[in-house]
Amino acid sequence: MPAEGGKTDMERIGLFSEMEYVTVGDKYVSSFNRPFNDAASKNKQMLPGGSKAMSNLQAGYFDPHFVRIFEGEGYVNLNQVRRRHMMEEAKKNLGKAFLPSNGDKKPCGLGTYYGTIGGPVPFFSTQLKPRDKYEVPGKNLYTNPGKKGTGYGYANITIGKQFSHSADFYDAPKLNFKKENEEHHRLVKGTPFKSNLYPREYFDTNPYLFEKALPPIKKTEKKELLAQPFKPSSPGKKAGGMKAGTFDPYPSHSADPYVVKLASQTSSKGAKIFYPPSGPKSRPTKSIMTLNVKR
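The rules we used
Sequence order as written defines residue numbering, which begins from 1 separately in each chain. Note on the predicted model: pLDDT of at least 70 is required for a residue's local features to be given, and 80 or more for side-chain atom pairs to be given and counted; whole-chain, interface and lining totals, by contrast, use all residues. Note: side-chain values were computed over all heavy atoms of the structure, leaving out hydrogens and water. Put simply, DSSP H or I for four residues or longer makes a helix, DSSP E for two residues or longer makes a strand, and each gets a number counted from the N terminus. Categorising residues by exposure relies on relative accessible area from a 1.4 Å probe, with only protein chains included: less than 20% of the type maximum marks a residue as buried, more than 50% marks it as exposed, and the intermediate range marks it as partly exposed. Whether two residues are in contact is decided by their heavy atoms: any pair within 4.5 Å suffices. In these tables, accessible area is a Shrake-Rupley quantity obtained with a 1.4 Å probe, and a residue counts as shielded only by the protein chains included in the view. Basic side-chain nitrogens of Lys or Arg form a salt bridge, by our definition, when they fall within 4 Å of a carboxyl oxygen of Asp or Glu. For every residue, the predictor states its confidence as a pLDDT score lying anywhere from 0 to 100. Here, patches come from residues exposed beyond 30% relative accessible area and free of salt bridges, joined within 9 Å for like charges and within 5 Å for nonpolar side chains (Val, Leu, Ile, Met, Phe, Trp, Tyr). In a helix, the anticipated span is given by 1.5 Å times the number of residues less one. Here a polar contact means two N or O atoms within 3.5 Å. Within protein one must be a hydrogen donor candidate and the other an acceptor candidate, and residues neighboring in sequence count only if both atoms are side-chain atoms.

**Student:** Would you take a moment to explain the overall build of the chain for this structure?
**Tutor:** Within the chain, the secondary structure is distributed over four helices and zero strands. Along the chain, from the amino end to the carboxyl end, the secondary structure elements read α-α-α-α. Residue burial in the chain is summarised as follows: out of 295 residues, 1% are buried. Taking all contacts inside the chain whose residues are at least 6 apart in sequence as the whole, residues at least 24 apart take part in 10%. About 34900 Å² of surface is accessible on the chain, with carbon and sulfur atoms providing 59% of the total.

**Student:** Would you mind showing me how to read the pattern of salt bridges here?
**Tutor:** Opposite charge on two side chains allows them to pair when their charged atoms are near. Counted according to the given criterion, the structure contains two salt bridges. The partner of Lys92 in a salt bridge is Glu89, and the shortest N-O contact between them spans 3.6 Å. Here Arg186 makes a salt bridge to Glu183, at a shortest N to O gap of 2.4 Å. Of this pair, Arg186 and Glu183 are both found in helix H3 (residues 172–187), three residues apart, which corresponds to roughly one turn of the helix.

**Student:** Sorry if this is basic, but what is going on with unusual backbone geometry here?
**Tutor:** Across residues other than glycine, the phi torsion is negative in most instances, and most of the peptide bonds are trans. Even without a glycine there, the phi angle at Asn43 is positive, about 60 degrees. Counting through the fold element by element, Asn43 comes out in the loop between helix H1 (9–13) and helix H2 (78–91). Classification of Asn43 by relative accessible area gives exposed; the value is 79%.

**Student:** I tried to follow the confidence of the model for the chain on my own but got confused; where do I start?
**Tutor:** Predicted coordinates in areas of low pLDDT are best not read in detail. Per-residue pLDDT for the chain averages 77, and the proportion of residues at 70 or more is 82%. Ranking the elements of the chain by mean pLDDT puts H1 last with 73 and H2 first with 94.

**Student:** Hey, could you run me through the environment of Gln162 in this one?
**Tutor:** Here Gln162 shows up in the loop between H2 and H3. When sequence neighbours within four positions are dropped, the list of residues in contact with Gln162 reads Ala155 and Asn156.

**Student:** Hey, could you run me through a nonpolar patch on the surface in this one?
**Tutor:** The grouping of Tyr113, Val121, Phe123 and Phe124 at the surface amounts to a nonpolar patch, some 480 Å² of accessible area in total. Mapped onto the fold, Val121 is located in the loop between H2 and H3.

**Student:** How should I be thinking about H2 in this particular structure?
**Tutor:** For an α-helix, the turn length of 3.6 residues means that residues three or four places apart are oriented alike. With 14 residues, H2 ought to run about 20 Å at 1.5 Å a step, and its terminal C-alpha atoms sit 21 Å apart, in line with that. Of all 14 residues that make up H2, zero are buried, and the element is exposed over most of its length. N-cap assignment for H2: the residue whose side-chain oxygen lies 3.3 Å from the backbone N of Asn79 is Asn77.

Listed below in structure tokens is the structure:
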């Protein structure tokens, strides 16, 4: 539709022509009825021969005809080869084959030695060994038969004698306590002890009473807290070759004046020369400062 300026919508968008509609006028086909592979049902298709199973026929192999391993070899009869080998082995025998004098003997029953090489064994014989004459042992000790009864409510059925009956009074504990109390009062002399003091819980009304004067109370001194934390003026310095990380500056050089040695310090001719003892010689070592500088 042309606009008020005289240009169409396509000219304002900047397209040369309107896009074409490919499916204009086509019939609607549902996605369920649409074939999955439409090209598979049109024109000629590649038809393989199918899988071949192994059999005695040549169709199951890749080669068109059966290929032999050896071509033109002679026929070998296995029976003939086996007979030749048996004849060669028979030539090695010095005499005839060993034949037993008689056939095998079969046992005629369980436990018999018929047909064995050694015969019967005397150790396995079933004959009884000679024994001494049996002597009848003496008779057992005869006692009275056990008395019947469980023991409860039955008399004279125990090993010991029957206990005699002893009379037990009904008020025996009460009478015994009365006799002991009378004997106790008979042994007591005088009246019971009575204190004139009024009984108290403690010896004094105030158990924490202290007669001496108490020392004065110590006052704890309050430390004044700094309002701000301590901060150093400058960060720590690392050790270097010019003594930059030490607290003190590098010591100044002091000149050693030349002084003539005294006569007492000079060695005389008669004095013996000092020779140091020979020992292990030390190796040159580096100072700690040199190692720090190299690091």
